[in-house]
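# Summary of the model geometry
Residues per chain, in single letters:
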Amino acid sequence: NPSRKQPNHHVLIVGWDDTFSASKFLDGRRPPGDGAFLIKNSWGTDWGDKGFAWVSYYDATIGDAPVVFSGVEKAGNYDAVYQYDALGRSRWRAAGAGERAWFANRFTAAGDGAVTAVSFYTPVTGTAYEVRVTGSVAQVAAAPAAAAGVIDVPGYRTVRLDRPVAIAAGKRFVVAVGVTTPGWDRPVPVEAPSALISPRSAAGQSFVSPDGERWTDLTTLQGMGRANVNLKAFVDAAGAADSRAPRAEVRGGA
């Protein structure tokens, strides 16, 4: 595509060839120079060349929304993950205080253990963060910091807590993150409905705040009725890890 389009599909770039000849592309779609990315698609091996294809360096859209995966952790790093945002970030939103915002998720502990890490998205270079874990959003302002720092490279990041926080089976706990995003006035990462995802949510799960003291249920805000903040809590269990296999339900899209 020589002209810029709206990206509407995810592919994986697995290689490149600076000498890939422009003459290999179809007439009418022939780029002005050599070079192409090797991509792997998700439509099975009967598509393209056994599931792979070449996209010219001169394509105007493929670089619009790239993501680089670096330092991916192993699946067995923690005993359990608490999350509402299984589909990923689709929007940024403000919390009423410009570059500064807090966001939180409330969970119910399935067993005894300790919150040892959290993960969330940051939008810009040099985002400062602070993590607090407590029993309710009303207690966040007075809770001690479990971790704090500055994230140099924007994106999705797992942060290990300097001070793990114990949780008890059947009890609610809240994980909250405060961020300052230089030059960016929509600091809160949100999983909201989009052209590609249809998340589920409920009242009492996700909250946002301009200062860590005054909290608002995310689902009460305009356009956020089916949204959650992107914030996961990772737990090391006291004596036992998750043992039940996950259940998956596949339905036709709307």
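Predicted, not measured: the structure shown is a model, and the values here were computed from it.

Criteria and cut-off values
- Residues numbered from 1 in each chain as written.
- Predicted model: local features only at pLDDT ≥ 70, side-chain atom pairs only at ≥ 80, totals over all residues.
- Heavy atoms only, no water.
- Helix = DSSP H or I, 4+ residues; strand = E, 2+ residues; numbered from the N terminus.
- Buried < 20%, exposed > 50% of the residue type's maximum accessible area, 1.4 Å probe, protein only.
- Contact = heavy atoms within 4.5 Å.
- Areas by Shrake-Rupley, 256 points an atom, 1.4 Å probe, with all protein chains shown as cover.
- Lys, Arg positive; Asp, Glu negative; His and termini not counted.
- Charge placed at Lys NZ, Arg CZ, Asp CG, Glu CD.
- Patch = residues over 30% accessible without salt bridge, like charges linked within 9 Å, V, L, I, M, F, W, Y side chains within 5 Å.
- Salt bridge = Lys/Arg side-chain N within 4 Å of Asp/Glu carboxyl O.
- Phe/Tyr/Trp six-rings, centres within 6.5 Å; stacked < 30°, edge-to-face > 60°.
- Lys NZ or Arg CZ within 6 Å of the ring centre and 35° of its normal.
- Pairing = 2+ DSSP bridges.
- Core = buried A, V, L, I, M, F, W, Y, C linked by side-chain atoms within 4.5 Å.

## What to know about the overall build of the chain
- Each helix and strand counted, the chain has zero helices and 16 strands in total.
- By the burial criterion, 38% of the 254 residues in the chain qualify as buried.
- Within the chain, counting contacts between residues at least 6 apart in sequence, those at least 24 apart form 75% of the total.
- If you sum the accessible surface of the chain, you get close to 15000 Å²; carbon and sulfur atoms cover 51% of it.
- Computed over 27 positive and 24 negative side-chain charges, the inter-centroid distance for the chain is 6 Å.

## Considerations on a nonpolar patch on the surface
- Judged by side-chain polarity, Leu 12, Val 14 and Phe 52 come together as a nonpolar surface patch covering roughly 240 Å² of accessible area.
- Checked against the element boundaries, Phe 52 lands in strand β3 (residues 52–56).
- Residue class for Phe 52 comes out partly exposed when judged on its relative accessible area of 30%.

## As for the environment of Thr 158
- Within the secondary structure, Thr 158 sits in strand β10 (residues 155–167).
- Looking at Thr 158, the relative accessible area reads 25%, which means it is partly exposed.

## Overview of the packing of aromatic side chains
- Applying the stated criterion across every chain yields a total of 13 aromatic pairs.
- Relative to Tyr 156, the ring of Tyr 121 lies with its centre 5.0 Å away and its plane at 55°, an arrangement referred to as tilted. Residue Tyr 121 is located in strand β7 (residues 113–122), and its partner Tyr 156 is located in strand β10; the two are separated by 35 residues in the primary sequence.
- Taking relative accessible area as the criterion, Tyr 156 reaches 40% and is therefore assigned partly exposed.
- Directly above the aromatic system of Phe 20 lies the positively charged group of Lys 24, at a separation of 4.8 Å from the ring centroid.

## What to know about the pattern of salt bridges
- Using the criterion set out here, one finds eight salt bridges in the structure.
- A salt bridge links Arg 4 to Asp 64, with the shortest nitrogen-to-oxygen separation between them at 2.8 Å. Note that Arg 4 is positioned in the segment before β1 (12–17) and Asp 64 in the loop between β3 and β4 (80–82), a separation of 60 residues in sequence.
- The residue Asp 185 makes a salt bridge to Arg 186 at a minimum N-O spacing of 4.0 Å.

## Some words on the sheet that holds strand β6 (residues 100–108)
- Taken in spatial order, the six strands make up an open sheet running β9-β8-β11-β6-β13-β14, and their pairing is antiparallel. Among the strands making up the open sheet, the edge pair consists of β9 (147–151) and β14 (216–217).
- Alignment of strand β8 (residues 127–134) against β9, held across five bridges, turns out to be antiparallel. Bridging from a neighbouring strand, Thr 127 pairs with Ile 151 of β9.

## Describing the nonpolar core
- Formed by 35 residues in total, the largest nonpolar core has its most connected members in Phe 103, Phe 120 and Phe 173.
- Filtering out sequence-adjacent residues up to four positions away, Phe 173 remains in contact with Tyr 82, Asn 105, Arg 106, Phe 107, Thr 108, Ala 109, Val 115, Thr 134, Gly 135, Ile 167 and Ala 233.
- Counting eight residues, the second-largest nonpolar core is a separate cluster that includes Trp 102, Val 140, Ala 176 and Trp 215.

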